[in-house]
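The lines below spell out each chain.
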Amino acid sequence: MATPQPVRGTQSLLGEDADRLAAVVAAFDRVRRLYGFKRVEVPVLEPTEVFARTMGETTDVVSKEMYSFEDRSGDSVTMRPEFTAGIARAYLSEGWQQYAPLKVATHGPAFRYERPQKGRFRQFNQLDAEIIGTDEPQADVELLAFADQLLKELGIGGSAILKLNTLGDPETRSAWRDALHEHFSSHASALSEESRARLERNPLRILDSKAHGDWPVIDSAPVIDDFLTSEAADFFAQVTAGIDAAGIRWERAPRLVRGLDYYRHTAFEFITDELGAQGTVLAGGRYDGLMEALGGPPTPAVGWAAGIERLALLIDAPEPERPDVGLIDESGRSMDLLIKLASDLRINGILVAGPFAGKSKKQFERVIKSGARARLNLRRWEPNETLTEEALAADDAAMVSLRYATDSDIDSMLSRRVYESLSRSFHATQQAGSDQWLIRPKTA
Ligand code: ATP
Ligand code: MG
């Protein structure tokens, strides 16, 4: 029978590849807490209109990338292509408004029907952070500092640079839009078919064109600075002063627009030149119009999303997790005791390999293969051994010794933790002049 193949653009990961994703998420979760963002969960499935109404019909995502289908009751549902719209929906439908301003973060899979390539998948994972319900530029600064610290902690702060723009307020945006329309109309013949199609519906989106032929016309397009109202200029000045104060390296990108339609004021991307066409690792901005698109009250908000797979490609390979100790039942008669030892050690936070089945030689081989730093050998006390008086008095005693795989693994902290763990459940006494410990179960 033929084995089913994976869906195109999906991945199954093992070992280092999976560890890389986990390392990105772990760093995100660490930094999230430092900045006081609450963890939220939102569904993978949303009514299609959640995305269609907020992201804009002319965007690539809505016009051609969404995984939408009718469920069995005939409702159109969509597998989330991003988090912001779903979080905004939850903010309104779950009564999260009462917590405003709300700082939330989440991560998980997102789905877009795209042409798969390096750093671009149909099922991919995003990190997401949002501050909802405040129009203060400090919120933009805090989110940018969060993003910047995350990238630094991932070790890619040097290669990813923040490109920053403002899209102004609605007044600014519509004046700029008219100027862009005029500029692109007069150069329409030089534009790609896709950009010409955007001319009437959303000329800002032409600035985001991936067609190289469009770039000269884009480079000569009017920049937003000439249209900024004094309020919009002031807002932007507060954001840039804030990120300067926070020590964030950034560049002005006067023609940067975001793929989605709901952005206002701050728009930004962290770009690297190390991933070819997939150079945007983290992107976001202020989206003051989005809640209204979902029928909610005007609600200012700002947020960003980052592609976990793209970040995972950029970080150094995480150290594979290595057990602290591997267990060996030397005399082949102490499996029950070894199982108890294993769970005691794990309760005390020690990474344990084993116990394994089979003869001690085979157990030894599996411990070596596990890469454990140390071997813990356990063997029943033999009555003919020379032992202390105390040991001789015990009938269910066992001998334990800890041996390190290599000299460089010797870790006195680990030894102490192992013996502390032993001492919690056993009477443990070190044998004079040896590295062996005699243990006897503590009786209740
Ligand atoms: P791109 O221009 O690369 O298509 P985008 O503007 O569509 O990106 P956003 O909607 O801003 O992307 O999503 C935020 C981040 O999610 C991106 O910066 C990127 O890191 C990641 N991302 C987006 N689409 C994909 C995908 N298909 N596969 C992997 N990562 C993705
Ligand atoms: Mg895209």
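Residues take numbers from 1 onward in each chain, read along the sequence in its written order. Note on labels: chains are lettered from A, ligands numbered from 1, in written order. Under the rules for a predicted model, residues below a pLDDT of 70 receive no local features and side-chain atom pairs below 80 are neither given nor counted, while totals for whole chains, interfaces and linings still include all residues.

## Notes on the overall build of the protein
To be explicit about the condition: Helix and strand definitions follow DSSP, with helices as H or I runs of at least four residues and strands as E runs of at least two, each counted in order from the N terminus. Atoms considered for the radius of gyration are the C-alpha atoms alone. The globule rule reads 2.2 Å times the number of residues to the power 0.38. The burial criterion counts other C-beta atoms lying within 10 Å of a residue's C-beta, which is placed from the backbone; the residue is buried at 20 or more, exposed at 12 or fewer, and partly exposed between these limits.
The helix and strand inventory of the protein stands at 15 helices and 17 strands. Relative to the globule expectation of 22 Å for 444 residues, the C-alpha radius of gyration of the protein, 30 Å, shows a markedly less compact shape. Projected onto its principal axes, the C-alpha coordinates of the protein cover approximately 100 × 60 × 40 Å. The burial tally for the protein puts 37% of its 444 residues in the buried class.

## Observations regarding the sheet that holds strand 7 (residues 160–166)
Put simply, the rule reads: At least two bridges found by DSSP between two strands are what make those strands a pair.
Taken in spatial order, the 8 strands of this open sheet run 1-5-6-11-10-9-7-8, and their pairing is mixed. Strands at the two margins of the open sheet, each flanked by one partner only, are strand 1 (38–39) and strand 8 (250–252). Inspection of the sheet shows strand 5 (residues 102–111) paired to strand 6 (residues 123–132) by 10 bridges, in the antiparallel sense. Across the sheet, L102 pairs through a bridge with I132, a residue of strand 6.

## Here's the deal with the packing of helix 2 (residues 48–55) against helix 4 (residues 84–93)
Threshold: A fitted line through C-alpha atoms represents every axis, and for helices the fit uses only the stretch in contact; the resulting angles, taken between N-to-C directions, go from 0 to 180 degrees. Oblique is the label for any angle not covered by the other classes, which are roughly parallel (under 35 degrees), roughly antiparallel (over 145) and roughly perpendicular (65 to 115). Contact definition: two residues whose C-beta atoms, as placed from backbone geometry, lie within 7 Å. Residues are sorted three ways: Asp, Glu, Lys and Arg are charged, Ala, Val, Leu, Ile, Met, Phe, Trp, Tyr, Cys and Pro are nonpolar, and all the rest, Gly among them, are polar.
At a minimum axis distance of 9 Å, the contact between helix 2 and helix 4 shows a crossing angle of 110 degrees. Put simply, helix 2 runs roughly perpendicular to helix 4. Of the residues in helix 4, those in contact with V50, F51, T54 and M55 of helix 2 are A85, G86, A88 and R89. Partitioned by chemical class, the residues of the contact of helix 2 with helix 4 number 5 nonpolar, 2 polar and 1 charged.

## A look at the sheet that holds strand 3 (residues 67–70)
With respect to topology, 3 strands assemble into an open sheet ordered 2-4-3, the strand pairing being antiparallel. Two strands close off the open sheet at either side, each with one partner strand: strand 2 (45–47) and strand 3. Neighbour-to-neighbour, the strand axes of the sheet open up by a mean angle of 35 degrees, direction not taken into account. Note: strand 3 against strand 4 (residues 76–79), 4 bridges, orientation antiparallel. Across the sheet, the residue bridging to E70 is S76, located in strand 4. Sheet strands in contact with helix 2 are strand 2, strand 3 and strand 4, and its direction is about 70 degrees off that of strand 2.

## Structural notes on the packing of helix 1 (residues 16–34) against helix 5 (residues 137–153)
Spelled out, the test is: Note on convention: the crossing is left-handed when the near helix lies turned anticlockwise from the far helix by less than a right angle, right-handed when the turn is clockwise.
The geometry of helix 1 relative to helix 5 is characterised by a closest axis approach of 10 Å and an angle of 140 degrees between their N-to-C directions. If you check the angle between helix 1 and helix 5, you find them oblique. Crossing angle aside, the handedness with which helix 1 passes helix 5 is right-handed. Contacts from A27, F28 and V31 in helix 1 reach F146, Q149, L150 and E153 in helix 5. Residue composition of the contact of helix 1 with helix 5, grouped by class: 5 nonpolar, 1 polar and 1 charged.

## Looking at unusual backbone geometry
The omega torsion of the bond from A100 to P101 falls at -10 degrees, within 30 degrees of zero and hence cis. Within the secondary structure layout, P101 lies in the loop between helix 4 and strand 5. In this structure, P355 follows G354 across a cis peptide bond, with omega equal to 5 degrees. Tracing the chain through its elements places P355 in the loop between strand 13 (352–353) and helix 13 (360–370). Within the chain, H265 stands out as a residue other than glycine whose phi angle is a positive 50 degrees. Here H265 is to be found in strand 9 (residues 264–272). Exposure remark for H265: the 25 C-beta atoms within 10 Å place this residue in the buried category.

## Points about the pairing of strand 11 (residues 301–307)
Burial analysis of strand 11 places 6 of its 7 residues in the buried class, the great majority of the element. Looking at chain direction, strand 6 and strand 11 are connected through 7 bridges and run antiparallel. Across the sheet, residue I131 finds its bridge partner in strand 11, namely V302. Relative to strand 11, strand 10 (residues 280–286) is paired through 5 bridges, and the arrangement is antiparallel.

## Looking at the domain arrangement of the protein
To be explicit about the condition: The start and end points of each domain follow an automatic or database-based domain assignment.
The domain architecture assigned to the protein consists of domain 1 (16–169 + 229–314) and domain 2 (325–441). Of note, the centres of domain 1 and domain 2, computed from C-alpha atoms alone, are 50 Å apart.

## Description of the pairing of strand 9
Where burial is concerned, most of strand 9 is hidden: 9 out of the 9 residues are buried. One ladder, built from 6 bridges, connects strand 9 with strand 10; its direction is antiparallel. Note on strand 10: the bridge partner recorded for E269 is A283.

## Topic: the environment of K103
On the secondary structure map, K103 appears in strand 5. Expressed as a C-alpha distance, the spacing of K103 and L143, which sit 40 residues apart in the sequence, is 9.5 Å. Once you skip the residues sitting within four places of it in the chain, K103 turns out to touch G36, F37, K38 and I131.

## Topic: the nonpolar core
Applied cut-off: In plain words, the nonpolar core is the set of buried Ala, Val, Leu, Ile, Met, Phe, Trp, Tyr and Cys residues that C-beta atoms within 7 Å link up.
Counting residues in hydrophobic clusters, the biggest one holds 75 residues, and the most contacted among them are V24, L143, A147 and L150. A total of 8 residues in this core trace back to one element, the largest contributor, which is helix 5. Discounting chain neighbours no more than four positions away, the residues touching A147 are F270, L282 and W304. In terms of nonpolar packing, the next biggest core, distinct from the first, is built from 21 residues, L327, V352, A397 and V400 among them.

## Describing helix 12 (residues 335–347)
In plain terms, the rule: Take the number of residues in a helix, subtract one, and multiply by 1.5 Å to get its expected span.
With 13 residues, helix 12 should cover 18 Å at 1.5 Å per step; its first-to-last C-alpha distance of 18 Å lies within 8% of that length. Once helix 12 finishes, G349 follows within two positions and takes phi at roughly 85 degrees, a positive value.

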